[in-house]
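Inside the fold
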Amino acid sequence: MLLLAIGDFHIPDRASSIPAKFTKLLAPGDKIQQVLCLGNVCESPSTLEFLKGISPDFQMVKGEFDRDLSLPTSLVFNYDKLKIGLINGFNVIPNADPLSLLTQARLMNVDVLVSGGTHKIEAYTLDGKFFINPGSATGAFTTKAPSKADLEALNVDKNLAEDKEEDNDGKEDKDNKEREHQKQANEKTSEKPSPQTFKGETSNQVTPDEDDLDNINTDSLEQLDPIPSFCLLDIQGNVCTLYLYTCIDGDVKVDKVSYRKED
């Protein structure tokens, strides 16, 4: 059974439309048996009509910015030997936190949890369960602060990273002495400290202070911009084969990962 997981459109507030190459790939037909929409369609009747035309079996949960209060906040479906849960994710705290999503999956008693809200496509396994985020179908921007995992991709000055780690993690006296020793060594050699990335759970979010903006390589910020994406799930027995579609500079890329439920 082939399922489409798609969401976070934000049309017309944050994006004008779904990429044309996506609409061509998702043209109505008999290949996709069910559409799982993660919400945030917002005020776009034409988008809703397009999604319902992909498959007669259209299922949708409420997104944070959907005004239709009659929409459910979660849905659960049974496919062969797999049980799949669907949520937008805006009510998961901390947002997109793997452990919080694991708790949600256990509460819903599902093997696979499909969630959104971050506008970042990803898939991973945790404690025997499979977690899928199809990202934003339009590549709409997000107002949420970047996670520590995202900030690791940025060129952050070592002093900024050390200050954040000291504030958040409470460095012990021994660590403070080691940093002071390293600082003195750097001053003697007149070498600039090498960049240091943030460490910790990917769910913890850090917003750089205004005074720290000069320490960030702004060219790297483009890496954090959402890209248009969606997912196709091919369910066969206890196996879910996931196809991750992204549209980068007008070109569509497809990645494939598989999940097998252990008996």
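What comes next concerns the included structure. Residue numbers restart at each chain and count upward from 1, following the sequence in its written direction. In keeping with the predicted nature of the model, local features appear solely for residues at pLDDT of at least 70, side-chain atom pairs appear and are counted solely at 80 or more, and the whole-chain, interface and lining totals rest on all residues. The side-chain values count all of the structure's non-hydrogen atoms but skip hydrogen atoms and water molecules.

Comments concerning empty space enclosed by the protein
Over the atoms rolls a probe the size of a water molecule, and in doing so it shows where empty space is left. Lining residues are defined by having an atom within 4 Å of a point belonging to a cavity or pocket. Those points lie on a 1 Å grid over the protein atoms alone, cavities being sets where a 1.4 Å probe fits but cannot get out and pockets being open sets with protein on both sides within 12 Å along at least five of seven lines. Grid points are joined across faces, edges and corners, and a volume is the space filled by probe spheres set on the points. Taken as a whole and assessed by the stated rule, the structure comprises one cavity of 30 Å³ or more. When its volume is computed, the largest cavity comes out at roughly 90 Å³. Around the largest cavity, the lining comprises 14 residues; the ones closest to its centre are A96, L101, S115, G116 and N133. Secondary structure elements are defined from DSSP: runs of H or I of at least 4 residues count as helices, runs of E of at least 2 residues count as strands, and each element is numbered from the N terminus. Every element with two or more residues in the lining of the largest cavity is listed here: strand 7 (122–126) and strand 8 (129–133).

Thoughts on the sheet that holds strand 4 (residues 74–79)
When DSSP finds two or more bridges between a pair of strands, those strands are recorded as paired. The mixed open sheet is built from five strands, whose spatial order is 4-5-6-8-7. Two strands close off the open sheet at either side, each with one partner strand: strand 4 and strand 7. Pairwise comparison of adjacent strand axes, ignoring direction, gives a mean angle of 20° for this sheet. Examined bridge by bridge, strand 5 (residues 82–87) and strand 6 (residues 112–114) share three bridges and lie parallel to one another. In the sheet register, I84 faces strand 6, and the bridge partner there is V112. Angles run from 0 to 180 degrees between N-to-C directions of axes, and those axes are lines fitted to C-alpha atoms, restricted for helices to the stretch in contact.

A short note on the sheet that holds strand 2 (residues 34–37)
Picture the strands of a sheet paired through backbone hydrogen bonds; they go either parallel or antiparallel. The strand order across the open sheet built from six strands is 3-2-1-9-10-11, with neighbouring strands paired in mixed fashion. Each of the sheet's edge strands pairs with one partner strand only, and the pair in question is strand 3 (58–60) and strand 11 (251–260). Between one strand and the next, the sheet's axes are offset by a mean angle of 20°, whatever the strand orientation. Across four bridges, the pairing between strand 1 (residues 2–6) and strand 9 (residues 229–236) is antiparallel. Following the sheet pairing, L2 is matched in strand 9 by D234. We call two residues in contact whenever any of their non-hydrogen atoms come within 4.5 Å of each other. Helix 2 (residues 45–54) rests against strand 1, strand 2 and strand 3 of the sheet, and its axis sits at about 130° to strand 3.

Some thoughts on the pattern of salt bridges
The salt bridge criterion pairs a side-chain nitrogen of Lys or Arg with a carboxyl oxygen of Asp or Glu, the two atoms within 4 Å. Tallied over the full model, the rule gives four salt bridges. A salt bridge links D251 to K21, with the shortest nitrogen-to-oxygen separation between them at 3.9 Å. You can see D251 sitting in strand 11 and its partner K21 sitting in helix 1 (residues 20–25), a full 230 residues away along the chain. Burial here depends on accessible area, computed with a 1.4 Å probe over protein chains only, as a share of the maximum for the residue type. Under 20% is buried, over 50% is exposed, and the range in between is partly exposed. For K21, a relative accessible area of 43% translates into the label partly exposed. Where D111 meets K261, a salt bridge forms, and the shortest distance between an N and an O atom there is 3.4 Å. With D111 in the loop between helix 3 (98–108) and strand 6 and K261 in the segment after strand 11, this pair connects stretches of sequence that are 150 residues apart. Judged by relative accessible area, K261 falls into the partly exposed class, the value being 28%.

So, the state of the cysteines
We call a pair of cysteine sulfur atoms a disulfide whenever their separation is within 2.5 Å. This model, assessed by the stated rule, comprises zero disulfides. Unpaired in terms of disulfides, C240 finds its nearest cysteine sulfur in C231, a separation of 9.3 Å.

Observations regarding the pairing of strand 11
In terms of strand pairing, strand 10 (residues 239–248) meets strand 11 through 10 bridges, oriented antiparallel. Its bridge partner being in strand 11, C240 is matched across the sheet by Y259. Linking strand 10 back to strand 11 in an antiparallel pair, the connection comprises two residues, with D249 at a positive phi of about 55°.

Examining the layout of surface pockets
Its boundaries defined by the atoms lining it, the second largest pocket holds a volume of some 230 Å³. In terms of lining, the second largest pocket is formed by 13 residues, of which the most central are L25, L26, A27, K31 and I32.

Remarks on the nonpolar core
I84, L86, V114, I132, C231, L233 and I235 are the most contacted members of the largest nonpolar core, which has 23 residues in total. Only strand 1, strand 4, strand 5, strand 6, strand 8, strand 9 and strand 10 provide two or more residues apiece to this core. With residues up to four places along the chain from it excluded, the contact list for I235 reads M1, L3, Y79, D80, L82, I84 and C240. What makes a nonpolar core is a set of buried Ala, Val, Leu, Ile, Met, Phe, Trp, Tyr and Cys residues whose side-chain atoms join them at distances within 4.5 Å. Residues V35, C37, F58 and M60 belong to the second largest nonpolar core, which totals 22 residues.

Some remarks on the side chain of R14
Positionally, R14 belongs in the loop between strand 1 and helix 1. In this tally, Asp and Glu contribute negative charge and Lys and Arg positive charge; neither His nor the terminal groups of the chain are included. This buried residue, R14, is left without a salt bridge; D13 holds the nearest opposite charge, at 6.5 Å. In contact with R14, other than residues within four places in its own chain, are F65, H119, A140, F141, T142 and T143.

Section: the pairing of strand 5
For strand 5, the tally of buried residues reaches five of six residues, placing the bulk of the element in the interior. Between strand 4 and the antiparallel strand that follows it, strand 5, lie two residues; D80 among them carries a positive phi value of about 50°. Where the polypeptide runs from strand 5 across helix 3 and back to strand 6, its parallel neighbour, the crossover connection is right-handed. Place the viewer so that the strands point away; then a crossover is right-handed whenever the path from the first strand over the helix to the second strand goes clockwise.

On their own, these measurements won't tell you what the molecule is for.
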